[in-house]
Amino acid sequence: MPAASSFPKYARRRLPNALTRAWLTLLMLSVASALLTVLPIPPAALAGGILILALAKCRVILARYLDLANSPTWLRGFTMVTTGFAIIIFVLYLI
């Protein structure tokens, strides 16, 4: 009879929890932002891309780290405010 593992938490593969997945997502979005800067694209498109990636990172932080995923109304409100702020920043950049 095979011996049972003395480390039961290693007996099966576990999926990472929500905070680990959020951290990995933020890491991936940060790498995408860095890679976006080395592409030969017009400055306005670069600024728009970086702002979109920043908005995505902001939403991950709001939803997972501040735990607003359980309160969709607050998450939607904060997302609308940050999106409006990003649009104002982008318009001011274009002027």
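Cut-offs used in this document
- Counting from 1, residues in each chain are numbered in the order their sequence is written.
- Reporting of local features is limited, given that this is a predicted model, to residues whose pLDDT is at least 70; pairs of side-chain atoms are given and counted only at 80 or more, and all residues count toward the totals for whole chains, interfaces and linings.
- Only hydrogens and water are removed before side-chain values are computed, so all heavy atoms of the structure are retained for them.
- To qualify as a helix, a DSSP run of H or I must reach at least 4 residues; to qualify as a strand, a run of E must reach at least 2; elements of each kind are numbered from the N terminus.
- In this scheme, a residue with accessible area under 20% of its type's maximum is buried, one over 50% is exposed, and one in between is partly exposed, where area comes from a 1.4 Å probe on protein chains only.
- Contacts between residues were defined by any pair of non-hydrogen atoms, one from each residue, lying within 4.5 Å.
- Grouping into patches uses exposed residues only, defined as over 30% relative accessible area, and leaves out salt-bridged ones; the cut-off is 9 Å for like charges and 5 Å for nonpolar side chains (Val, Leu, Ile, Met, Phe, Trp, Tyr).
- Note on areas: Shrake-Rupley, 1.4 Å probe, and residue coverage restricted to the protein chains presented here.
- Whenever a carboxyl oxygen of Asp or Glu lies within 4 Å of a side-chain nitrogen of Lys or Arg, that contact is scored as a salt bridge.
- The span expected for a helix works out to 1.5 Å for each residue beyond the first.
- Here the axes come from fitting lines to C-alpha atoms, over the contacting stretch only for helices, and the angles between their N-to-C directions go from 0 to 180 degrees.
- Small angles under 35 degrees read as roughly parallel and large ones over 145 as roughly antiparallel, with 65 to 115 read as roughly perpendicular and the rest as oblique.
- Note that the arc is computed from the directions linking the helix axis to the C-beta atoms.

Novice: Is there a simple way to explain the overall build of the chain in this structure?
Specialist: Looking only at helices and strands, one finds three helices and zero strands in the chain. Beginning at the N terminus, the succession of helices and strands in the chain can be written as α-α-α. Across the 95 residues of the chain, 17% fall into the buried class. A sequence separation of at least 24 residues applies to 61% of the contacts in the chain between residues at least 6 apart.

Novice: I tried to follow a nonpolar patch on the surface on my own but got confused; where do I start?
Specialist: Residues Leu-19, Trp-23, Leu-24, Leu-27, Val-31, Leu-35, Val-38, Leu-39, Ile-41, Ile-61, Tyr-65 and Leu-66 make up a contiguous nonpolar surface patch of roughly 1,100 Å² in combined accessible area. When contributions to the nonpolar patch are tallied by element, the ones reaching two or more residues are helix H1 (18-37) and helix H2 (43-65). Tracing the sequence through the fold places Ile-41 in the loop between H1 and H2. Of the residues examined, Ile-41 reaches a relative accessible area of 32% and is grouped as partly exposed.

Novice: Can you help me understand unusual backbone geometry in this one?
Specialist: As a rule of thumb, non-glycine residues mostly have phi less than zero, and peptide bonds are mostly trans rather than cis. Even without being a glycine, Asp-67 presents a positive backbone phi close to 60°. A relative accessible area of 47% places Asp-67 in the partly exposed class.

Novice: Can you walk me through H2 in this structure?
Specialist: What sets the pattern is the α-helix's 3.6 residues per turn: residues three or four places apart point alike. In a regular helix each residue adds 1.5 Å, so 23 residues correspond to 33 Å; H2 covers 32 Å between its end C-alpha atoms and thus fits that length. When H2 is considered as a whole, its buried residues turn out to be Ala-47, Gly-48, Gly-49, Leu-51, Leu-53, Val-60, Leu-62 and Ala-63. Lining the buried residues of H2 we find H1 and helix H3 (72-94). Looking one or two places after H2, you find Asp-67, whose phi comes out positive at around 60°.

Novice: How do you make sense of the environment of Gly-48 when you look at a structure like this?
Specialist: Within the secondary structure, Gly-48 sits in helix H2. The exposure class assigned to Gly-48 is buried, which follows from its relative accessible area of 17%.

Novice: Teacher, can you tell me more about the packing of H1 against H2 here?
Specialist: When two helices pack together, their arrangement is given by the angle between their axes and by how far apart the axes lie. Contact pair H1 / H2: the axes reach a minimum separation of 10 Å and the direction vectors enclose 170°. As far as their axial angle goes, H2 and H1 are roughly antiparallel. Across the interface between the two elements, Ala-18, Leu-19, Ala-22, Trp-23, Thr-25, Leu-26, Leu-29, Ser-30, Ala-32, Ser-33, Leu-36 and Thr-37 of H1 pack against Leu-46, Gly-49, Ile-50, Leu-53, Ala-56, Lys-57, Val-60, Ile-61, Arg-64 and Tyr-65 of H2.

Novice: Would you mind showing me how to read H1 here?
Specialist: With 20 residues, H1 ought to run about 28 Å at 1.5 Å a step, and its terminal C-alpha atoms sit 29 Å apart, in line with that. Taken residue by residue, H1 has Ala-22, Leu-26, Leu-29, Ser-33 and Leu-36 as its buried positions. Projected down its long axis, H1 carries its buried residues within an arc of 85°, all on one side. When the buried face of H1 is taken as reference, the exposed residues oriented beyond 90 degrees from it are Met-28 and Leu-35. Contact partners of the buried residues in H1: H2.

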